[in-house]
Amino acid sequence: MTLCGWRLLAEWSQSPGYRVMFAIPLTAPPESAPDLSLVRVRSDWHESDGGCNGCVQCCTRRACPLLDPERNLCRSYGSFFWRYFNCGRYPENAAQIRHYDCPKWEMNT
């Protein structure tokens, strides 16, 4: 987990584009889901319960140690880490969706 944190910090500090995409104020409240006034599930997404249907693109790109690779599930889903950091509030903007090539979300127009 520490290594993942250092990698995230390195990318955040070295990449202005990444830093802008994932800027979370320290006073931001916890979130368990994205803001549906900003984003919506794509019409061709066939998962009825709102899950990610085994898509772990964002987790694998981050090399997240909380991903259970055998079951393609997040070990921290709904936890403190999930709600206070990027996972629970993802996605917040089009740049995040493009960065992770996310097949589930699109911006509201």
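As a starting point, this report considers the structure included with it. (Residues numbered from 1 in each chain as written. Predicted model: local features only at pLDDT ≥ 70, side-chain atom pairs only at ≥ 80, totals over all residues. Heavy atoms only, no water.)

Let's talk about the overall build of the protein chain
Point 1. Across its full length, the protein chain holds six helices and four strands.
Point 2. Starting at the N terminus, the α and β elements of the protein chain follow one another as α-α-β-α-β-β-α-α-α-β.
Point 3. Across its three principal directions, the C-alpha atoms of the protein chain cover 35 × 35 × 25 Å.
Point 4. Looking at the protein chain residue by residue over its 109 residues, the buried ones come to 26%.
Point 5. Partitioning the contacts of the protein chain with sequence separation of at least 6, the portion at a separation of at least 24 is 67%.
Point 6. Only carbon and sulfur atoms are counted for the fraction: they give 59% of the accessible area of the protein chain, which is about 7,300 Å².
Point 7. Across the protein chain, 12 positive and 11 negative side-chain charges occur, with their mean positions spaced 6 Å apart. (Helix = DSSP H or I, 4+ residues; strand = E, 2+ residues; numbered from the N terminus. Buried < 20%, exposed > 50% of the residue type's maximum accessible area, 1.4 Å probe, protein only. Contact = heavy atoms within 4.5 Å. Areas by Shrake-Rupley, 256 points an atom, 1.4 Å probe, with all protein chains shown as cover. Lys, Arg positive; Asp, Glu negative; His and termini not counted. Charge placed at Lys NZ, Arg CZ, Asp CG, Glu CD.)

Points about the environment of W105
Point 1. By secondary structure assignment, the location of W105 is in strand β4 (residues 105-107).
Point 2. Looking at W105, the relative accessible area reads 8%, which means it is buried.
Point 3. Between the C-alpha atoms of W105 and V39, which are 66 residues apart in sequence, the distance is 6.6 Å.
Point 4. When residues no more than four places from it in sequence are discounted, the contact partners of W105 are P34, L36, V39, R40, V41, R42, Y90, P91 and I97.

Some remarks on the side chain of R62
Point 1. On the secondary structure map, R62 appears in helix α3 (residues 57-62).
Point 2. A polar side-chain atom of R62 sits 2.7 Å from a polar atom in the side chain of E11.
Point 3. Residues within four places of R62 in sequence aside, it is in contact with C4, R7, L8, E11, Y18 and Y100. (Polar contact = N/O pair within 3.5 Å; in protein donor to acceptor, adjacent residues only side chain to side chain.)

Regarding the side chain of R89
Point 1. Along the chain, R89 turns up in helix α5 (residues 86-89).
Point 2. The buried charged residue R89 lacks any salt bridge, with E92 as its nearest oppositely charged partner at 4.4 Å.
Point 3. Of the polar contacts made by the side chain of R89, one reaches the backbone oxygen of P29; its length is 2.8 Å.
Point 4. At 3.4 Å, the side chain of R89 forms a polar contact with the backbone oxygen of F85. (Salt bridge = Lys/Arg side-chain N within 4 Å of Asp/Glu carboxyl O.)

Details of the nonpolar core
Point 1. The biggest cluster of nonpolar side chains holds nine residues, and these are Y18, M21, F22, V39, Y90, I97, Y100, C102 and W105.
Point 2. Setting aside its immediate chain neighbours within four residues, Y100 contacts Y18, F22, Q57, C58, R61, R62 and Y90.
Point 3. In terms of nonpolar packing, the next biggest core, distinct from the first, is built from five residues, V56, C64, L66 and L67 among them. (Core = buried A, V, L, I, M, F, W, Y, C linked by side-chain atoms within 4.5 Å.)

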